[in-house]
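Residue-level listing of the chains:
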Amino acid sequence: MTTPAPKRTVTNRSDTGFGAAEREATQQACDRFRHLPGPLLPILHAVQDALSYVPKEAVPLIARDLNLSLADVHGVISFYHYFRTERPGRRVLRICRAEACQSVGAAALEEHAKRSLGVDFHGTTADGAITLEAVYCLGNCALGPSVMIDERLEGRVDAHRFDEIVAQARTAR
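What you see is a predicted model, and the numbers here were worked out from it, not measured in a lab.

Undergrad: Please explain the sheet that holds strand β4 (residues 147-149) as it appears in this structure.
TA: Two strands in a sheet stick together by hydrogen bonds in their backbones, pointing the same way (parallel) or opposite ways (antiparallel). Read across the open sheet, the 5 strands follow the order β2-β3-β1-β4-β5; overall the sheet is mixed. Of all the strands in the sheet, the pair left with one neighbour each is β2 (123-124) and β5 (152-154). The sheet contact formed by strand β1 (residues 91-96) and β4 spans 3 bridges and is antiparallel. By the bridge assignment, L93 is partnered in β4 with I149. Strands in contact with helix α7 (residues 159-171) are β1, β3 (130-135), β4 and β5; relative to β1, the strand with the most contacts, it is inclined by about 160 degrees.

See the structure below:
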């Protein structure tokens, strides 16, 4: 007869930035949505809405609350491009990579964005101002290429317009 492995304790290291407020936001999301069928996605959305990302320290809390494995929770987070596992910049800039935008110049816009910001997709500029993300449709197909800065949608964006949007984003509060 084998002895079951002891339960692992999740420690709260102060240098990770995952403190009481982050723990509370994660617990509130679990409490609010655990009763739903398929609660994992609503919980992950709520955590990201509250914290702007899903910290790795939240994964064991969510897994334990839903009686899931760490791999189950991590698998969902890593499958959906929407979820971030690192704190984003002050502003999030998304470039549409769907076919309609690609057909009117989004590939050139992507290259310009990466070059001018000095980051690849899912990267944050050195000054912490902007995180660049790819999305696969912003629903603005007739006005492509499209970008979204935070929640503001912009259409017919070329390199010059992109630079204007970035300059404005860096100065806005």
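There is more to say, and it comes next.
Undergrad: Sorry if this is basic, but what is going on with a nonpolar patch on the surface here?
TA: A cluster of nonpolar residues, L41, F79, Y80 and Y82, forms a patch on the protein surface that exposes about 400 Å² of accessible area. Considering the arrangement of structural elements, one finds Y82 in the loop between α4 (70-79) and β1. For Y82, a relative accessible area of 39% puts it in the partly exposed group.

Scoring rules and cut-offs
Residues numbered from 1 in each chain as written. Predicted model: local features only at pLDDT ≥ 70, side-chain atom pairs only at ≥ 80, totals over all residues. Heavy atoms only, no water. Pairing = 2+ DSSP bridges. Helix = DSSP H or I, 4+ residues; strand = E, 2+ residues; numbered from the N terminus. Contact = heavy atoms within 4.5 Å. Axes fitted to C-alpha atoms, helices over the stretch in contact; angles between N-to-C directions. Patch = residues over 30% accessible without salt bridge, like charges linked within 9 Å, V, L, I, M, F, W, Y side chains within 5 Å. Areas by Shrake-Rupley, 256 points an atom, 1.4 Å probe, with all protein chains shown as cover. Salt bridge = Lys/Arg side-chain N within 4 Å of Asp/Glu carboxyl O. Buried < 20%, exposed > 50% of the residue type's maximum accessible area, 1.4 Å probe, protein only.

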